[in-house]
Amino acid sequence: MIDTALWIALALFCAAIVLNFYRALVGPSLPDRVLAVDTMYMNSIALIVLFGIWVNNKDYFEAALLIAMLGFVSTIAICKYLLRGDIIE
Amino acid sequence: MLDTIIEGAIAFMLIAGGAFAFIGSLGLTHLKDFYMRLHGPSKTTTLGVGCTLIGSLIYFSREDGPIIQELLITIFAFITAPVSAHMLAKSALHHKLKPDPRTRGNPVELESEKPKHTVEEAPQGDSPLP
Amino acid sequence: MSLPLIVLLPLLGSLVPLLSSNRQRNLNAWSTALLPAIALGIVIAHAPGVVAGEVYHSSMSWVPQLGLDLAFRLDGLSLLFLLLILGIGLLIILYARYYLAPEDSMPRFYAYLMLFMTSMIGIVMADNLLLLWVFWELTSLSSFLLIGYWYQQSEARRGARMALAVTGMGGLAMLAGFLLIGHIVGTYDMQTVLDSRDLIQADPRYLPALLLVLLGAFTKSAQFPFHFWLPHAMAAPTPVSAFLHSATMVKAGVFLLARLHPALAGSQLWLYIVTLTGLVTMIYAAYFALLKYDLKGVLAFSTVSHLGLITMLFGLDSKLAVVAGLFHIINHATFKAALFMSSGIIDHETGTRDIRKLSGLRRSMPMTAALAGLAAASMAGVPLLNGFISKEMMLTETLESGLLGGLAWLIPVLATLGSVLSVAYSLRLIRNVFFGPEAKELPKTPHEAPFPMRLPMLILVGLCIVIGLIPAVIVSGLLDAAARATILAPRPELQLSIWHGFNLPLLMSAIALAGGVGIYTVRRNLFNFQRQFPQRNALMIFEHSVRRLLQWTQVTIDRLENGSLQRYMLWLIVAVLFLTGSGLLDLDQLQGSRQPQPLDGLLLAGAGITILAGLGTAILHRRRLVSLMMLSVVGLMVSLAFARFSAPDLALTQLAVEVVTVILLMLALFFLPQRTPKESSGARVVRDVLLAAGFGGVVASLNYALLTRPMDSISGFFLDNSVSGGGGHNVVNVILVDFRGFDTLGEITVLCIAAIGIYKLLNRLRLFMPSSDSEGRPWSRDLHPMLLATVSQSLLPLALLVSVFIFLRGHNEPGGGFIAGLVTAVALILLYIARGVDWAQQRLSFQYQPIAVTGVAIATLTGLGSWLFGHNFLTSAFGHFSIPYIGEIELATAMLFDLGVYLTVVGATLMILANLGKLTTRHRPSKENEKETV
């Protein structure tokens, strides 16, 4: 049961990432692209967690945690750049 | 019996997570303007990822007892997602992205009247870069 | 064994003078003289044994992989040179005590002198070719210091530089020659080399080896055409000249000829090259010695001339010639050192060395005059002095050489001509300086120098006379021993005596004396003759050619390195393309024996996104921010790929580096134009696209070929030994902190240095800040959005917790100091972004440089700590502990090392990012300010 669910979830997240990437490519505005890349980061968290369930290994969670944290910081940095230019002022 | 219920819960969480995230990303692709598109990822995808994490949490807690680490990511994601959305919305407004006519709300930032500037922040026109 | 002591004592002696101050001159001189005097005592203690035919050896292994041993020998040849070096060296120490002016630093002088003495002793005692070379280069270096002792004079600096360049170059050539000999013989051991004469001379590599070794010897001994550095080395203080150019430095070259004589000599090649070089040098330098006005210049050229004489003797194919050469080495050292000392006294007491100004000094300094006169007479070859005997022997040998076949008469004739000139310049030296009317308008009123300054001269001239009168008694044994070592056979029958009866050599000597006087009387004509040639200064020519060489290299480098990054990339990529491409051409087929893994939709989607994002990065590169975002998509996909293929550690690192890079680029992007103009021409785009596609194709094929082939890598070793050897389950981390800990230490040191460099470069930099973005939109007025500020502040403990967690688990689970450091740095940077530099620095009131430096220090100390327990550098010890909620923790010294890594990464990253961020904070130009400043 879990296996089937895992595959369905993997497929859905994968499709989601493809859709995000489409948005990141076409834009049109900069915030659009940032939003798309940020969503890609979010979906990657889930994808990595799913990998972890797939190979039955808890070690993947660190990678997921880092993506969550670092994705946030880079989104914030780009937003700050769009707003103020100088990200550390 | 209990195992089946737990497995069912895990499977449900995983599929629900995938579905939410997919719908969120679909929204990101299909909605008409940025302000609408912002809703999909920041709410739905976050929920989807949260579901997946909970699923994983249950999955790994089955054997070695409760694990809190996935919860940490969930909390993290739920705290940060609104902030990201807030910042993105701010930058969109700052860039004066054109809203779709169906988008409701009329924020001051998008009004076309000349904004009052402090002396310090006055616009420079085509100010050349250094 | 006391042999190493002979080298070691003077080496220690170079530290002794530095202990006392410049003002305690007597103490300084005596304490300096003590250790070489002991060394001389040891040498003399060995002397009877050596004379009796024994050869002492002592050997210690130094760098066995290179065949370099600390091997010393004491045979007759070494003994002869050791007596000269130490004996004259001690006299020089005494002489210099009175020569140096009060403002000259005596400790520095003596330290250099002892260093030089050590290296000379090393040369003559080395029992290993490579060791000999090491000391050889040391003489070049220490003579550079000595010649440049008066570094405030441009002449001294330039002379020293030239001497170093010429002798250093010769030394390198000699090393190449030694390596060739070592390859022929199979060892660098001196005795084996000396015994392998037939083997060496039969080898086709004999010719280059001989030429290279001779190049070394000739540059050192100032043989034509490398003689030009020696006269300019006269800018040194006179005691230095007396030591370097009578007994030591220049004698190193002829010593080498003597030392390798058994192995290299005897061939036609040796005979012609060495003899003719010596002969030409002898005559050429003697002629110029006659023309020089500077007292030391005359002596310098006469030194070159006499070295030519010795070289010629070593070249001749008779055993007696070699003995004559050895004998002349002793004689030349004694009279030339005395003459240099006299010139130093004259310079010291009159203030000038110009022969045209000096005259009639015999009245004011009678003793110096007498001693110098005797020494010069010995140099000229006047009977009853030692120079006469060796010159006589030299003339005899030239008569017997079979060189040049039918033109064999040329050799003795030219040798006689050399002697004639030698007599002439010796006569001129003495007659013009000490005789004639008393000189007027000298810078100082001449008077006799203090007696201790004349004492060394007295001893040396005494030696000249004693050896000249009873040579058989004094030097016979020494010469025997030296000859045995040089020709590896008992000394041929030779009567060391003054009188050999009326024969041809005696006639030639008489001709030399008479001719010398004759030439001296008509020297005016010679000067007039010389005047028609343009004056050429070897120093100027040398420096000019060095400048030309530099210009030429600069032009060549400029042509290759024109500052265009694109061009460097082009060369690099073309080279890689060529090398790897040619390797791929050799493959039968691209796919190896291993079956590729099955492909699924997930991988396809990931690969598709990565490819498209990569393309997007390149195509959109002129819209920088968009391109940057594409790049971060590539980074994300790559780390997902790492995760998918079970390398969570790599995924973590990739992510952390990715984000830090993005932040760094954002900081930099602010100062760059948002869009770059179109720069490349169409042709260039085509070229670049082709190149990139070709490169990508080759690398992809290479990867595919490699991954589909079974491969034995070293990873098995790490997997097997990670737990038992490093005590950690995370092999990546164990490799980083344990197996390859030394690499990591180097890397964090570099990181720290780079960060400090960036910090220093940015320290005072304040850049102009545009007040609107590229589309003319003014910046948002909300400096620090409240929501962001609040949330990031509350996230900070969480983020720090995460980094501690990653750090602690690092040794067994994915993580480690590097990633934890980056996470901490990113967490703090978030604070900077959200609250600004001022706010953050108020609360984080510490500097980042000490953190990074402390990190490196901790890592190094951890490594050193294992020495305390008798282990190798960076050996780790470990034990396991369990902490609730975090899991099993390994507490190992590697952990401490990892802490060092962690601190360095945090410090360095923050140093770079926070300082880049600070660039604009202080003076953000507002409209008002702009107007004021415009």
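For the structure, see preceding data.
So, how was this worked out
Residues numbered from 1 in each chain as written. Chains lettered and ligands numbered in written order. Predicted model: local features only at pLDDT ≥ 70, side-chain atom pairs only at ≥ 80, totals over all residues. Heavy atoms only, no water. Helix = DSSP H or I, 4+ residues; strand = E, 2+ residues; numbered from the N terminus. Expected span 1.5 Å × (residues − 1). Buried < 20%, exposed > 50% of the residue type's maximum accessible area, 1.4 Å probe, protein only. Phe/Tyr/Trp six-rings, centres within 6.5 Å; stacked < 30°, edge-to-face > 60°. Lys, Arg positive; Asp, Glu negative; His and termini not counted. Salt bridge = Lys/Arg side-chain N within 4 Å of Asp/Glu carboxyl O. Polar contact = N/O pair within 3.5 Å; in protein donor to acceptor, adjacent residues only side chain to side chain. Contact = heavy atoms within 4.5 Å. Patch = residues over 30% accessible without salt bridge, like charges linked within 9 Å, V, L, I, M, F, W, Y side chains within 5 Å. Areas by Shrake-Rupley, 256 points an atom, 1.4 Å probe, with all protein chains shown as cover. Buried area = accessible area lost by both parts, 1.4 Å probe. Pairing = 2+ DSSP bridges.

(A) Here's a closer look at helix 28 (residues 624-644) of chain C. Residues and elements named next belong to chain C. Taking 1.5 Å per residue as the helical rise, helix 28 with its 21 residues ought to reach 30 Å, and the 30 Å between its terminal C-alpha atoms agrees with that figure. Burial analysis of helix 28 places 16 of its 21 residues in the buried class, which makes it a mostly covered element. In the segment just after helix 28, S646 is the residue with positive phi, at about 60°.

(B) Examining the packing of aromatic side chains more closely. Residues and elements named next belong to chain C. Counted under the stated rule, the structure contains 19 aromatic pairs over all chains. Measuring from ring centre to ring centre gives 6.4 Å for F72 and F135, while their planes differ by 50°; the resulting arrangement is tilted. You can see F72 sitting in strand 2 (residues 68-74) and its partner F135 sitting in helix 6 (residues 129-147), a full 63 residues away along the chain. Of the two residues, F72 and F135, neither departs from the other in class, the shared state being buried. Between F109 and Y149, the ring centres sit 5.3 Å apart and the planes meet at 80°, which makes this aromatic pair edge-to-face. Highlighted residues: F109 in helix 5 (residues 106-125) and Y149 in the loop between helix 6 and helix 7 (154-185), separated in sequence by 40 residues.

(C) View of the side chain of E349(C). Residues and elements named next belong to chain C. Along the chain, E349 turns up in helix 17 (residues 319-350). K444 provides the closest opposite charge to the buried, unpaired E349, separated from it by 6.1 Å. Here H348 takes part through its side chain, which lies 3.2 Å from a polar atom of the side chain of E349. Side-chain polar atoms of E349 contact the side chain of H447, separated by 3.4 Å. Among all residues touching E349, those that are not within four sequence positions of it are M365, K444, T445, P446, H447, A449 and P450.

(D) Structural detail: a nonpolar patch on the surface. Taken together, the side chains of Y22(A), L25(A), V26(A), I611(C), L612(C), L615(C) and I619(C) present a nonpolar region at the surface, about 650 Å² in accessible area. Looking at the nonpolar patch, the elements with two or more residues in it are helix 1 (2-26) of chain A together with helix 27 (601-619) of chain C. In terms of residues, the nonpolar patch owes the most to one element, helix 27 of chain C, which gives 4 residues. Locating I619(C) in the fold gives a position in helix 27.

(E) Quick look at the interface of chain A and chain C. Counting residues at the interface gives 44 residues for chain A, matched by 63 residues for chain C. On the chain A side of the contact with chain C, Y81(A), R84(A) and I88(A) bury the most area, a combined 15% of that side's loss. Along the contact surface separating chain A from chain C lie 0 salt bridges. Inspection of the region where chain A meets chain C yields 2 residue pairs in polar contact (both at pLDDT 80 or more). Elements with a contribution of two residues or more to the side of chain A that touches chain C: helix 1, helix 2 (30-55) and helix 3 (60-84) of chain A. With 20 residues, helix 3 of chain A is the single largest residue contributor to the side of chain A that touches chain C.

(F) The arrangement of the pairing of strand 1 (residues 56-63) of chain C in detail. Residues and elements named next belong to chain C. Summarising the sheet, strand 1 and strand 2 pair through 7 bridges and their orientation is antiparallel. From the neighbouring strand, Y56 faces strand 2, where its bridge partner is L74. The hairpin formed by strand 1 and strand 2 contains 4 residues between the paired strands, and G67 there has a positive phi angle of roughly 80°.

(G) Here's a closer look at the pattern of salt bridges. Counted according to the given criterion, the structure contains 18 salt bridges over all chains. Among the salt bridges present, the one from R37(B) reaches D32(A), with a minimum N-O distance of 2.7 Å. Here D32(A) lies in helix 2 and R37(B) lies in helix 2 (residues 34-37), a pairing that spans two chains. We note a salt bridge from D100(B) to R102(B), for which the minimum N-O separation is 3.4 Å. By relative accessible area, D100(B) is classed as buried at 18%. Overall, the relative accessible area of 59% leaves R102(B) in the exposed class.

(H) Spotlight on the environment of V734(C). Relative to the helices and strands, V734(C) is located in helix 32 (residues 731-739). Sequence separation between V734(C) and F718(C) is 16 residues, and the spatial gap between their C-alpha atoms is 8.6 Å.

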